[in-house]
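Inside the fold
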Amino acid sequence: MTSENLLNLIDGVVKSRSEYQNVELKAAKHGCPERFYDTLSSFSNRDDGGVIIFGIDEKNNFERCGVYDLQDIQQKITEQCDSMCPKVRPLFSYAESDGRYFCSIEIPAIDISDRPCYYAGKGRLKGSYVRVGTNDEPMTEYEIYSYEAYRKKYQDDIRPIPRVTLKSLDEKALDDYIALLSTNKPNLSRLDKEQIMELMSITVNGEYSLSTTLMFALYPQAYFPQLCIIATVLPTNNIGDLGSNNERFIDNARIEGSIKEMLTGAINFVRKNTRTKTIIDSYTGERKDVGDYPITAVREVLLNALVHRDYSIHTEGMPIQLQIYPDRLVVTNPGGLYGRISLDQLGQIQADTRNPLLATALETLSITENRYSGIPTVRREMKERGLPMPQFEDSRGSFKVTLYGEAEEDKKRIISSEDILAFCSVYRTRKELADFLGIKSIPYAMKTYITPLVECGKIRLSNPAHPKSPEQKYITK
């Protein structure tokens with residue numbers, strides 16, 4: 001950065017009296033800090049890197065103390081950067097203000113295939129750090145493993161499970177799957193059953209794989225008790241608060257079985273514990289059932305959790321969590337985002353697949369499309385219902401999806417065709433109609449309430465030749 005940029009950054013942190021998630025302060029008034037390996041590690045392991053500023057004393061009311069010696073501190077900083085694995089190559093910047101000199105180093109993010117960056121003197125397990133807020137926290141063993149699993153392309157979904165036998169599997173379902181695998185594959189179909197099973201990772205060195213267990217075992221939880229879904233319905237919007245009758249949960253269930261059975265069980269749990277209102281148009285007689293959440297979106301969220309969760313030995317004791325609050329539905333699965341994708345890229349690019357065999361097998365069984373369409377489908381379904389966009393969170397080994405429902409005032413509002421027709425006794429715009437209906441999403445309001453009345457001839461357009469005109473207005477016929 002330029003000297004001017006550095007001074008502006010210093011002004012910002014001094015004014016805010018706080019470090020940032022990507023900015024660390026060091027005094028360096030009487031010498032170079034002896035150890036800042038933790039910050040070098042944590043910034044190198046961030047997707048956006050970070051900046052360390054030398055010459056600001058955070059402990060002394062953010063005093064602009066300046067550095068003791070520009071040339072010497074550069075040498076000392078370089079020595080510490082060379083002690084990292086892989087070595088850190090910072091970009092130095094300098095600035096002068098009121099006779100004091102300041103130094104900064106920009107720490108570039110290292111490629112994910114080279115992470116974690118760690119202090120060689122402590123080793124990978126003890127010398128790896130992650131930035132949490134403005135603190136540098138030691139990485140957990142699982143966080144370190146996650147990088148290693150991506151770098152070495154571990155496939156936990158095909159690790160062999162010694163205890164599983166053919167008798168514990170649904171043999172017919174397995175045979176049907178093998179038949180599907182061989183369909184339209186003449187070379188594969190020439191092999192015998194044992195060869196196909198080994199080649200397609202149904203077995204690994206003669207032992208059934210984890211994916212096979214999860215898809216075809218009569219009771220997978222006999223081998224992995226916590227590879228299930230724990231579903232709860234909370235009485236309030238804050239976890240831990242008790243309901244009006246001092247209840248912790250309104251309903252709760254442990255959903256077990258194969259992946260297909262857990263998916264079906266979780267969807268049924270959502271249907272059971274969320275509202276479904278029936279709208280009957282008084283003119284057309286058409287009946288429409290509308291749930292609190294689009295079931296298609298719920299299914300995609302649950303399926304993504306089952307397919308893309310971490311199935312390593314580090315997380316096999318962690319179930320998927322399904323929580324239904326009065327205002328939202330939350331699904332949390334073990335294992336953060338996998339590979340190079342970031343939160344803002346979800347649904348935009350083709351992501352790395354943590355469990356490729358499992359994803360492909362479920363596609364063969366027509367349970368999932370495996371076309372990276374899940375996130376766009378969730379967003380589209382929520383938008384069409386006029387609900388807030390889904391919220392995605394990735395934090396230290398877990399991934400969370402939150403679907404928000406209608407606001408309480410929207411749930412209580414009763415919509416009738418007679419009210420709409422009376423309101424349209426004079427020309428109304430799309431926005432006026434949405435405001436009258438109390439719906440934030442204009443497209444949803446039009447699609448759900450107005451278009452059916454137009455189609456049955458009860459409302460007419462001001463400009464029927466151009467139905468999508470932005471100047472379109474609506475009036476009772």
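Check the entry above for the structure.
**Comments concerning unusual backbone geometry**
With an omega of -5°, the peptide bond between C85 and P86 qualifies as cis. Along the polypeptide, P86 turns up in the loop between β5 (84-85) and β6 (91-97). Note that the residue after R115, namely P116, is joined by a cis bond; omega there is 5°. Here P116 lies in the loop between β7 (100-107) and β8 (118-119). The backbone of A28 shows a phi angle near 60°, a positive value even though the residue is not glycine. Mapped onto the secondary structure, A28 falls in the loop between β1 (23-26) and α2 (37-44).

**Side note on the pairing of strand β20 (residues 398-404)**
Strand direction decides the pairing type here: strand β18 (residues 328-334) and β20, joined by 7 bridges, are antiparallel. In the sheet register, L329 faces β20, and the bridge partner there is L403. In the sheet, strand β19 (residues 391-395) pairs with β20 via 5 bridges, with the strands oriented antiparallel. When the bridges of β20 are listed, Q391 appears paired with T402. Between β19 and β20, which pair antiparallel and follow one another directly, the connecting turn spans 2 residues, one of which, R396, has a positive phi of 40°.

**Structural notes on the sheet that holds strand β17 (residues 320-324)**
Strand order in this open sheet of 6 strands is β14-β13-β17-β18-β20-β19, and the pairing throughout is mixed. Two strands lie at the open edges of the sheet, namely β14 (251-255) and β19, each paired on one side alone. The average angle at which neighbouring strand axes cross in this sheet is 10°, direction not considered. Relative to β14, strand β13 (residues 229-233) is paired through 5 bridges, and the arrangement is antiparallel. Looking at the pairing, A231 lines up with A253 of β14. This element, helix α11 (residues 295-308), spans β13, β17, β18 and β20 of the sheet and lies at about 15° to β18.

**Quick look at the side chain of D310**
Structurally, the position occupied by D310 is in the loop between α11 and β17. Here the side chain of D310 touches S312 through a polar contact of 2.7 Å, landing on its backbone nitrogen.

**A word on the sheet that holds strand β2 (residues 50-54)**
Reading across the sheet, the 4 strands line up as β1-β2-β7-β6 and stay open at both edges, with mixed pairing between neighbours. Each edge of the open sheet carries a strand with a single partner, namely β1 and β6. Shown here is a sheet whose adjacent strand axes are inclined to one another by a mean of 20°, direction ignored. Pairing analysis gives 4 bridges linking β1 to β2, with the strands arranged parallel. Within the sheet, the bridge partner assigned to E24 lies in β2 and is I52. Taken strand by strand, helix α1 (residues 3-16) contacts β1, β2, β6 and β7, and its axis lies near 75° from that of β6. Along the sheet, α2 contacts β1, β2 and β7; its crossing angle with β2, the most-contacted strand, is approximately 150°.

**As for the environment of I295**
Mapped onto the elements of the fold, I295 is located in helix α11. Separated by 165 residues in the primary sequence, I295 and V130 have C-alpha atoms spaced 37 Å apart. Leave out the neighbours within four places in its chain, and I295 touches I267, V270 and R271.

**Details of empty space enclosed by the protein**
The gaps of empty space that remain are located by a probe, the size of a water molecule, rolled over the atoms. Applying the stated criterion across every chain yields a total of 1 cavity of 30 Å³ or more. What the largest cavity holds in volume is close to 30 Å³. The dominant element in the lining of the largest cavity, judged by the number of residues it contributes, is helix α9 (residues 210-216), at 4 residues. Residue composition of the lining of the largest cavity, grouped by class: 5 nonpolar, 4 polar and no charged.

**Details of the packing of helix α16 (residues 430-437) against helix α17 (residues 442-455)**
What describes two packed helices is the angle between their axes and the distance between those same axes. Two numbers describe how α16 lies on α17: the axes approach to 9 Å, and their chain directions differ by 80°. Between α16 and α17, the angle falls in the class roughly perpendicular. Mapping the contact onto sequence places R430, K431, L433, A434 and L437 in α16 and I442, A445, M446, Y449 and I450 in α17. Tallied by class, the residues present in the contact of α16 with α17 amount to 8 nonpolar, no polar and 2 charged.

**Observations regarding the pattern of salt bridges**
What the rule picks out here adds up to 21 salt bridges. Close ionic contact of D327 with R328 constitutes a salt bridge, the shortest N to O distance being 2.9 Å. Looking at D327, the relative accessible area reads 25%, which means it is partly exposed. With a shortest N-O distance of 3.6 Å, E384 and K447 are connected by a salt bridge.

**Things to note about the pairing of β18**
Within β18, 7 of the 7 residues are buried, leaving the element largely enclosed by the surrounding structure. What you see with β18 is no split at all: R328, V330, T332 and P334 on one side and L329, V331 and N333 on the other are buried throughout. Bridge analysis of β17 against β18 gives 4 bridges, and the strand direction is antiparallel. Within the sheet, the bridge partner assigned to Q321 lies in β18 and is T332. Linking β17 back to β18 in an antiparallel pair, the connection comprises 3 residues.

Calculation rules
- Residues numbered from 1 in each chain as written.
- Predicted model: local features only at pLDDT ≥ 70, side-chain atom pairs only at ≥ 80, totals over all residues.
- Heavy atoms only, no water.
- Helix = DSSP H or I, 4+ residues; strand = E, 2+ residues; numbered from the N terminus.
- Pairing = 2+ DSSP bridges.
- Axes fitted to C-alpha atoms, helices over the stretch in contact; angles between N-to-C directions.
- Contact = heavy atoms within 4.5 Å.
- Polar contact = N/O pair within 3.5 Å; in protein donor to acceptor, adjacent residues only side chain to side chain.
- 1 Å grid on protein atoms, 1.4 Å probe; cavity = no way out; pocket = protein on both sides within 12 Å on 5 of 7 lines; lining within 4 Å.
- Points joined across faces, edges and corners; volume = space filled by probe spheres on them.
- Nonpolar A, V, L, I, M, F, W, Y, C, P; charged D, E, K, R; others polar.
- Parallel < 35°, antiparallel > 145°, perpendicular 65-115°, else oblique.
- Salt bridge = Lys/Arg side-chain N within 4 Å of Asp/Glu carboxyl O.
- Buried < 20%, exposed > 50% of the residue type's maximum accessible area, 1.4 Å probe, protein only.

From the geometry alone we can't say anything about function, so treat these as descriptive.
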